[in-house]
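# Residue-level structure breakdown
So the chains spell out like this:
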Amino acid sequence: MAGSARMIARGAGMLVWTLLLMPVQTILLRFDGSAKQRLPTVYWSGIAWLLGLKFRIVGKPAFDSGQSVLFISNHSSWIDIVALGSVLPGSFVAKGEIARWPGFNHVARAGRTMFISRSRANTARERRELASRLADGDNLILFPEGTTSDGARVLPFHSSFLALAELDQPPIIQPVTLVYDQMDGLPVCRRNRPMISWYGDMDIVSHYAQLGRHNLRVTIVFDPPIDARIGRKRLSTTLERNISNRAAEIRQGRN
């Protein structure tokens, strides 16, 4: 009963928080300035608090140079958006299908999410749009697996997602690894991960109905940036290997 009450209260709190901040962000999007970039971080931090999500941060984002950063992360659940959105001022790059999801599409657009279709016919246009956003000083957050995993492994990266590394002035590219390593204060094991990870044909409502009963801790590791000039395919392989190894270390309690 306590778990059910917690889940319902959290859901109601997230709805109220969203309804309060959405009109503010809608107004901010009409004006220049950095407020429209900062408010999504405030929003996701509030959602994380309502969900009872705790953080352990290792390393730090590569903001020191003042240059835009392309953050590359593994992806296992919709909660990744909450976790990364809470600690990174940046826009997510998401698959085009999300733009058609009722409710979620409005939140994503308010957060200035960029949608990509992965269609060859749209590749050049989408690359220009992403490059323009970086040139304007935005940071981007990208999941090159292209889908969510079961949380027990990192799926192969699609090098096509890293076409931005081939720009004349490529952004800083920083690997980010996130793993949910505690649930209700206890280590997460393989049997817990389906409750956290959201993949395959899982329904998000029933998934939240289970997840919202528990408190999670996420470990997020920011490793040093990787030189984009090593080439797109080699960059993709290097990022995949580094993030996969780091995720395994966290799952095994070695980081």
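Now for a look at the structure at hand. (Residues numbered from 1 in each chain as written. Predicted model: local features only at pLDDT ≥ 70, side-chain atom pairs only at ≥ 80, totals over all residues. Heavy atoms only, no water.)

### Topic: the environment of Phe-55
This is how it is decided: Runs of H or I in DSSP of at least four residues are treated as helices and runs of E of at least two as strands, each being numbered from the N terminus. Each residue is placed in one exposure class: buried if its accessible area under a 1.4 Å probe, protein chains only, is under 20% of its type's maximum, exposed if it is over 50%, and partly exposed if it falls in between.
Take Phe-55: it is sitting in strand 1 (residues 53-58). Looking at Phe-55, the relative accessible area reads 31%, which means it is partly exposed.

### Thoughts on the pairing of strand 2 (residues 69-73)
To keep it simple, the criterion reads: At least two bridges found by DSSP between two strands are what make those strands a pair.
The element strand 2 is largely enclosed, with a buried count of five among its five residues. Looking at chain direction, strand 2 and strand 6 (residues 172-183) are connected through five bridges and run parallel. By the bridge assignment for strand 6, Phe-71 is matched with Gln-174. Two elements, strand 2 and strand 5 (residues 140-142), share three bridges in a ladder whose sense is parallel. Bridge pairing in strand 5 links Ile-72 to Leu-142.

### Digging into helix 8 (residues 232-251)
For clarity, the cut-off: By this rule the span expected of a helix is its residue count minus one, scaled by 1.5 Å. Contacts between residues were defined by any pair of non-hydrogen atoms, one from each residue, lying within 4.5 Å.
Here helix 8 is 20 residues long and its end C-alpha atoms lie 28 Å apart, about the 28 Å a rise of 1.5 Å per residue gives. What helix 8 keeps buried is the set Leu-235, Ser-236, Thr-238, Leu-239, Ile-243, Ala-247, Ala-248 and Ile-250. Among the structural elements, strand 2, strand 6 and strand 8 (216-222) are those in contact with the buried residues of helix 8. Immediately downstream of helix 8, the backbone of Gly-253 shows phi near 75°, a positive value.

### Quick notes on unusual backbone geometry
Even without being glycine, Arg-112 reaches a positive phi, approximately 65°. Its location among the elements puts Arg-112 in the loop between helix 4 (104-110) and strand 4 (114-116). Judged by its relative accessible area of 14%, Arg-112 falls in the buried class. A positive phi is found at Asp-184, a non-glycine position, where the angle reads about 55°. The topology assignment puts Asp-184 in the loop between strand 6 and strand 7 (186-187).

### So, the pattern of salt bridges
Rules: Salt bridges are counted wherever a side-chain nitrogen of Lys or Arg sits within 4 Å of a carboxyl oxygen of Asp or Glu.
One pass over the full model with this rule turns up seven salt bridges. Across the salt bridge formed by Arg-112 and Asp-138, the nearest N and O atoms sit 2.8 Å from each other. Of this pair, Arg-112 sits in the loop between helix 4 and strand 4 while Asp-138 sits in the loop between helix 5 (123-135) and strand 5; the two residues are 26 residues apart in sequence, bridging distant segments of the chain. Grouping residues by exposure puts Arg-112 and Asp-138 together as buried.

### Quick word on the environment of Gln-174
What counts here: We define a polar contact as two N or O atoms separated by no more than 3.5 Å, with the added condition that, inside protein, one atom must be a possible hydrogen donor and the other a possible acceptor, whereas residues neighbouring each other in sequence contribute only through side-chain atom pairs.
Mapped onto the elements, Gln-174 comes out in strand 6. Taking the C-alpha atoms as reference points, Gln-174 and Trp-44, separated by 130 residues in sequence, lie 21 Å from one another. Apart from the residues lying within four places of it in its own chain, the contact partners of Gln-174 are Lys-60, Pro-61, Ala-62, Val-69, Leu-70, Phe-71, Ile-72, Phe-222, Asp-223 and Pro-225. A distance of 2.8 Å separates a polar atom in the side chain of Gln-174 from the backbone nitrogen of Ala-62.

### Things to note about the nonpolar core
Just so we agree on the cut-off: Put simply, buried Ala, Val, Leu, Ile, Met, Phe, Trp, Tyr and Cys residues joined by side-chain atoms within 4.5 Å make one nonpolar core.
Grouped together as the largest cluster of nonpolar side chains are 38 residues, with contacts concentrated most on Leu-53, Trp-78, Ile-79, Val-82, Leu-84 and Tyr-180. Broken down by secondary-structure element, the contributors of at least two residues to this core are helix 1 (2-28), helix 2 (35-51), strand 2, helix 3 (79-87), strand 6, helix 7 (204-211) and strand 8. Among the elements that take part in this core, helix 2 stands out by supplying seven residues, more than any other. Ignoring sequence-local partners within four residues, the contact set of Trp-78 consists of Leu-51, Trp-198, Ile-204, His-207, Tyr-208 and Leu-211. One finds Phe-157, Ile-173, Ala-228 and Ala-247 within the second-largest nonpolar core, a separate group that totals 25 residues.

### Details of the side chain of Thr-219
By the element assignment, Thr-219 lies in strand 8. Discounting chain neighbours no more than four positions away, the residues touching Thr-219 are Arg-56, Thr-177, Leu-178, Val-179, Asp-181 and Ile-250.

The values reported here are purely geometric and, on their own, carry no functional implication.
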